[in-house]
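# Chain and residue survey
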Amino acid sequence: MEVPLLDLKAQYQTIKKDIDEAVKRVIDSQYFILSGEVNAFEEEIAAYTGVPYAAGVASGTDALILALKAFGIGEGDRVITSPFTFFATAEAVSLVGAKPVFVDIDPKTYNIDPDKIEKLLRETSHELRDTIKAIIPVHLYGQCADMDRIMRIAEEHGLKIIEDCAQAIGASNNGRPAGSFGDAGAFSFFPSKNLGGFGDGGMVISNDKQAIERVKKLRVHGSVEQYIHEELGYNSRLDSLQAAILRVKLKKLNEWLDARRAIAAKYDEAFSPLGIITPKVADGNAHAYHQYTMAVEERDRFVQYLNDNGIAARVYYPVPLHLQPCYRDLGYSIGSFPISEELAEKVLSLPIYPELSEEKVNYIIQTVKDFIAKG
Ligand SMILES: Cc1ncc(COP(=O)(O)O)c(C=O)c1O
């Protein structure tokens, strides 16, 4: 049996009529840039997350960049984040001229560890600490980081919080949606995401009206009035076509989340008696299961076995960010963040997507059991 990592063709078939109509609507209008579709989608994401202001941008990476810029973070500043995430989280910090400061993750949840943030802030000299301006917690795999603790730390130290929600639309903690805790939330609509477009896309949300106005200015070359440029900006707009497609998909998102959660529950039930370790779902968290991840010994042999049996298991992420070649000058080395380093060698993610059939889920479970039994 062949089980892909996700099946976007199957998803498209379930909503083809509405998607085709939405695409046609945009083509008929011939309004491709920042049209009513983008405004409507921004309002719908604001309503979905309960955060009043939203700005559609060209990607999740740009959402992080423009959010950082909107809060004045740039040259000479430092931003705390996790080394165990997709590269774009730290890349955005570097691209605005700031420096990422990594803090290791909690070995139970794989999200940034608030105790270690506190330790870093305690042990950093006053001079350096004054340059730390923000924290980017990443809601990895679709589970909220410990936002209560992180928000308290931020308040105490006067730091901005930009939530990296790229993997976490629909996740919540004690009923509060991902992206609604911090100063801003940054979302990605990359096609493989839980809410994925037919190309790149992203969104910044915030309770701060001025910050979103700044993002909206930055996404059109720093301009509010046409051809008058108040500052240097970007060309970073969400396409009308993407917005129209994403509006159709947003209506299905909660149903799709339920389907992901049901599959995760089946995996949990099957794997916990086998002693397989998965990230702990922290109290109060509703996980969005962008990924279903486990940590295993002999991970590479395990992935190969699954692949050989037609199951497209993948590793997110094999190299922690402090060990990336481009970050050599930050001064970290092997051993700087042992939990991230260990998990980078142990994690693998199994296929999880709403259209994954029961038959395929059972096949994956059986294949995992076979591997464990063979030893
Ligand atoms: C955690 C995280 N941050 C940022 C991004 C960047 O998003 P995009 O690919 O839309 O630029 C991604 C996704 O690719 C991600 O997984």
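Placed above this text is the structure.
Now for a quick tour of the structure. (Residues numbered from 1 in each chain as written. Predicted model: local features only at pLDDT ≥ 70, side-chain atom pairs only at ≥ 80, totals over all residues. Heavy atoms only, no water.)

The ligand sits among 14 residues. The nearest are Gly60, Thr61, Asp164, Ser188 and Lys193. For the ligand, a nitrogen atom lies 2.7 Å from a polar atom in the side chain of Asp164. Between an oxygen atom of the ligand and a side-chain N or O atom of Ser188, the distance comes to 2.7 Å. Look at the ligand: alone it shows 390 Å² of surface, and the protein chains cover 92% of it. Assessed atom by atom at 2 Å from the grid points, the ligand resides in the largest pocket. (Near = heavy atom within 4 Å. Polar contact = N/O pair within 3.5 Å; in protein donor to acceptor, adjacent residues only side chain to side chain. Areas by Shrake-Rupley, 256 points an atom, 1.4 Å probe, with all protein chains shown as cover. 1 Å grid on protein atoms, 1.4 Å probe; cavity = no way out; pocket = protein on both sides within 12 Å on 5 of 7 lines; lining within 4 Å. Sits in = over half its atoms within 2 Å of the grid points.)

Summary: where empty space remains is shown by rolling a probe the size of a single water molecule over the atoms. According to the stated counting rule, one finds 1 cavity of 30 Å³ or more in the structure shown. Within this model, the largest cavity holds a volume of roughly 70 Å³. Lining the largest cavity are 14 residues, with Leu6, Leu8, Gln11, Lys193 and Arg260 positioned closest to its centre. Only α1 (8–29) and α9 (240–271) provide two or more residues apiece to the lining of the largest cavity. Of the residues contributing to the lining of the largest cavity, the split by class is 5 nonpolar, 4 polar and 5 charged. Residues from two domains meet in the lining of the largest cavity; each of domain 1 (8–248) and domain 2 (252–374) gives at least three. (Points joined across faces, edges and corners; volume = space filled by probe spheres on them. Helix = DSSP H or I, 4+ residues; strand = E, 2+ residues; numbered from the N terminus. Nonpolar A, V, L, I, M, F, W, Y, C, P; charged D, E, K, R; others polar. Domains from an automatic or database assignment.)

In this section: the pattern of salt bridges. Within this structure, the stated rule accounts for 22 salt bridges. Between Arg247 and Glu44 there is a salt bridge whose closest N-O contact spans 2.9 Å. A residue pair is termed long-range when its members are at least 10 positions apart, and Arg247 in helix α9 and Glu44 in helix α2 (residues 36–49) qualify at 203 residues. One salt bridge connects Lys119 with Glu123, and the closest N-O pair in it is separated by 3.4 Å. (Salt bridge = Lys/Arg side-chain N within 4 Å of Asp/Glu carboxyl O.)

Counting 27 residues, the largest nonpolar core has Tyr267, Phe271, Tyr292, Met294, Leu348 and Leu350 as its most contacted members. Secondary-structure elements contributing two or more residues to this core are α9, β11 (292–295), α10 (299–308), β12 (347–350) and α12 (358–374). Here Phe271 is in contact with Ile276, Tyr292, Met294, Leu350, Ile365 and Val368, once residues within four sequence places are set aside. Of all hydrophobic cores here, the second largest spans 26 residues; its members include Leu64, Ile65, Ala67 and Val96. (Core = buried A, V, L, I, M, F, W, Y, C linked by side-chain atoms within 4.5 Å. Buried < 20%, exposed > 50% of the residue type's maximum accessible area, 1.4 Å probe, protein only. Contact = heavy atoms within 4.5 Å.)

Spatially, β7-β6-β10 is the arrangement adopted by the 3 strands of the open sheet, whose pairing is antiparallel. Edge positions in the sheet fall to β7 (176–177) and β10 (285–286), since each has one partner strand and no second. Relative to β10, strand β6 (residues 172–173) is paired through 2 bridges, and the arrangement is antiparallel. Within β10, the position partnered with Asn173 by the bridge is Asn285. (Pairing = 2+ DSSP bridges.)

Let us now look at unusual backbone geometry. Cis rather than trans, the peptide bond between Tyr316 and Tyr317 has omega equal to 10°. Of note, Tyr317 is situated in the loop between α10 and α11 (338–346). A positive phi angle, near 45°, is found at Leu34, a position not held by glycine. Residue position: Leu34 is located in the loop between α1 and α2. Assessed through its relative accessible area of 28%, Leu34 is described here as partly exposed. One non-glycine residue with positive phi stands out, namely His221, at about 60°. If you trace the backbone, His221 turns up in the loop between α8 (209–218) and α9.

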